[in-house]
Each structure stands twice: as structure tokens, then as C-alpha cells.
Amino acid sequence: MSEPLLRLVDVVKHFPIRTGFLMRQVGVIKAVDGVSFALHPGETFGLVGESGSGKTTLAMTLLGAYRPTAGSMWFRGYDIADPEVRRGVPAIKKAIQVVFQDPGSSLNPRRTVRQTLEVPLRVHGLAHTSAEALRRVTALLEMVELPPEFMHAFPHALSGGQKQRVAIARALATEPSFLVLDEPTSALDVSVQGKIIALLVDLQRRLNLTYLFITHDLSLMRNVATRVAVMYLGKLAELAATPALFSAPRHPYTRMLLSAIPVVSEEEERLKPRWIVPRGETPSPARVPPGCSFHPRCPDAFDVCPRLDPVAAAVDGDHRVRCHLYPGCTPAEGTDAAPARH
């Protein structure tokens, strides 16, 4: 396999909880709590989990909106966790771009489509004259399958799908190699979602793009992702190639999510894990349960789960999981009390 384009090593992002007149710190929100994975050129890496699992915080940390509390993020040999590196290497800003969830709020309502697309061109010195900017804007609209006359429109005149195509065109303006897609279809009508996904797949093939695709929709990942990581309360519960994750999910949380996917045929129903009734709600990242954070909701929890936090271990090739049910996941000091089980 090729060298990773992006590699995250034990990335942590905690937010302090402050209160009182002196704003004393009384706690911490563990939004991202030790995440490691690598992305290879040309792949689509799916990051899934319920709301509050830390997916978007991880994305914003990766994009530089938040400075990580700890850990490193290596992109093309540069540790972009260091803000000085981001400022000192302008090519990084061009290479990493984002498409947000709601195109209605991510586009400036006071700018025409042309003005919106010209901003990154001028900021990054990719268009020095009006004629060159016009040529590039026209090419970007063609790339996302919009006619040239759309450059004169304001966002309020566009449909949801058209707005998202403009947002994708804006992300492509700097000729990036890596796109963070943060729920890019969840705000769209179902009839439009498939067209946007098809466009993203086509652009990836033509431009050799690498995607970090953040979503809560596991069924979508089954069709587009190369690998999928399942996130729960700031940690990765499971990471595997897409076929392996769907055919042989290992973590109880992954099985719970898969069992809840709606299907339209008996054949699809037979492929799903047995229905797992979830216990309670996802805890707040400000009050993460001790031990395995999933144990209060887990149907397979046993005596070691509330006491020890499992570590990630390979259970089959590159299939990794954090669960005491599997050998290698229970820390050494806990193996005598509760040996890992399959």
C-alpha cells in the first residue's frame, strides 16, 4: 500500500469547563480522546457515529480551527498540529479543503456564485486577472455540472443541491488533494443526495482526491467508503475495510448501529446483525463513564468493562477494535481479573 497522505497519532482535543466570576476550570469535555488512523491517497475514509461522538470536532481540529490538546497530525511529512507549520507552508492550506453540511449557511448570501468562487482563487494567488478568474470560475462550474450563467446568481436563488455543488466547486478551487466532507448530503432532499454522491465519486476518480467522509449514515458508507471507522465518545471503537465491517462487525456498538439501519428487502434484513436494543442515551463527553465508555449501554458488558479502558488491537488483519471481548484489548494490569474473551 502507498505511503499515507494523512496520519493521525493519538490526537486529543479537550475543552475546559469554566464557571464562576474567576472562570475557574471545574472539568473538561473530552470531545476527541486519543484518535489514530491513516488515510492513503485516493481512498474514501468513512468516519461514522452518533451525534456527540466527536466526528466534527476531529474534523475541525484537522482543518486547523482547533489546536489539538495533544497528539500529532502528519500531512505529506508535515505535522499540521503545529499552527506554525500551517502558517509556514502555504501549500498545506491549498491541499486541504472542506465541504460543510449545510450549504445554505456555508455560502455568503451577499456574494454571487462568481464572487464566492473567486475568493479562494485570489487568496491563494491562482488568478491574477479578471479574465483568468472568469476562466477558472467557468471551469469550476462545469466541473460540478452547473451552467456558466449560474455564476451571476445569489445563493437564495439556488436549490439545496445547487448550493452544495457551488460549495464543492469552492473547495476544488485551490486544486486540493484532500477533502473533508462533513455530512455533505444530510441537509439535502433524498432525491438530491444520490446525485451529489455520484458527483463526489466522479470527481474523486477524475482528480485523484482523498476523502475523509464524516456521516452518521452507515448505509451510505457501505456504498462509497474504502474503510470505515466507528467513533464513540471521542474514541474509535472499530476500524476496518468496508466489506469486513459490514459482514463481520466486532464491537457491540457497531453491531447496534448496523442493526438499526432501515432496509427494504428480506435479503438485506438477513444480512444485518440481530436487533440490539440500545440502553439509554449517549453520555455527555463532559461525564465520560469510567473504564470502557460504552459499558453502560453495552449488552455484552462484564466485570472488567467499568474498571479498565480497552486499547485498540487487531483482530483480523487490519480490522481493529477496542473491546474487552477480544484478545489484546484488555490492558496488562487487567488481564488477571478478566481475561479477554472472543
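Cut-offs used in this document
- Residues numbered from 1 in each chain as written.
- Predicted model: local features only at pLDDT ≥ 70, side-chain atom pairs only at ≥ 80, totals over all residues.
- Heavy atoms only, no water.
- UniProt positions renumbered as here; feature names shortened; annotations may be inferred.
- Buried < 20%, exposed > 50% of the residue type's maximum accessible area, 1.4 Å probe, protein only.
- Helix = DSSP H or I, 4+ residues; strand = E, 2+ residues; numbered from the N terminus.
- Contact = heavy atoms within 4.5 Å.
- Pairing = 2+ DSSP bridges.
- Axes fitted to C-alpha atoms, helices over the stretch in contact; angles between N-to-C directions.
- Parallel < 35°, antiparallel > 145°, perpendicular 65-115°, else oblique.
- Left-handed = near helix turned anticlockwise from the far one by under 90°.
- Nonpolar A, V, L, I, M, F, W, Y, C, P; charged D, E, K, R; others polar.

- In the nomenclature of an unreviewed UniProt entry, the protein chain corresponds to ABC transporter ATP-binding protein from the organism Candidatus Segetimicrobium genomatis.
- If you open the UniProt record of the protein chain and go to Sequence similarities (unreviewed entry), you find "Belongs to the ABC transporter superfamily."

**Digging into helix H1 (residues 55-63)**
Phase 1 of the analysis: Within H1 the residues assigned to the buried category are Lys-55, Thr-57, Leu-58, Ala-59, Thr-61 and Leu-62.
Phase 2 of the analysis: In the segment just after H1, Gly-64 is the residue with positive phi, at about 95°.

**Brief notes about the environment of Asn-208**
Phase 1 of the analysis: Along the chain, Asn-208 turns up in the loop between helix H8 (190-207) and strand E8 (210-215).
Phase 2 of the analysis: With 106 residues separating them in the primary sequence, Asn-208 and Ala-314 have C-alpha atoms 29 Å apart.
Phase 3 of the analysis: For Asn-208, the contacting residues outside a window of four places in its chain are Gly-42, Ser-177 and Leu-203.

**A look at the sheet that holds strand E4 (residues 70-75)**
By definition, the strands of a sheet pair up through backbone hydrogen bonds, in either a parallel or an antiparallel sense.
Phase 1 of the analysis: If you trace the four strands from one edge of the open sheet to the other, you get E2-E1-E4-E5, paired in antiparallel fashion. The sheet terminates laterally at strand E2 (24-39) and strand E5 (78-79), the two strands that pair on one side only.
Phase 2 of the analysis: When strand E1 (residues 6-19) meets E4, the two strands line up antiparallel, connected through five bridges. Note that in E4 the partner of Leu-8 across the bridge is Met-73.
Phase 3 of the analysis: Across the sheet, H1 lies against E1, E2 and E4, angled at about 110° from E1, the strand it touches most.

**Observations concerning the sheet that holds strand E6 (residues 96-99)**
Phase 1 of the analysis: Taken together, the eight strands give an open sheet; going across it, the order is E6-E7-E8-E3-E9-E10-E12-E11, and neighbouring strands pair in mixed fashion. With one partner strand each, in any of the chains shown, E6 and strand E11 (313-316) form the two edges of the open sheet. Sheet twist, expressed as the mean angle between neighbouring strand axes with direction ignored, is 20°.
Phase 2 of the analysis: As defined by bridge partners, strand E3 (residues 44-48) adjoins strand E9 (residues 227-232) across four bridges and the pair is classed as parallel. Paired with Val-48 across the two strands is Val-230, which belongs to E9.
Phase 3 of the analysis: Docked against the sheet, H1 engages E3, E6, strand E7 (178-182), E8 and E9, running at close to 150° with respect to E7.

**Some points on the packing of helix H7 (residues 160-172) against H8**
Phase 1 of the analysis: Where H7 meets H8, the closest approach of the two axes is 10 Å, and the angle between their N-to-C directions is 20°. With respect to H8, the element H7 is oriented roughly parallel. H7 and H8 meet at a crossing whose hand is right-handed. Contact residues: H7 offers Gly-161, Gln-164, Arg-165, Ile-168 and Leu-172, while H8 offers Val-192, Lys-195, Ile-196, Leu-199, Leu-200, Leu-203 and Leu-207.
Phase 2 of the analysis: Its residues placed into classes, the contact of H7 with H8 shows eight nonpolar, two polar and two charged.

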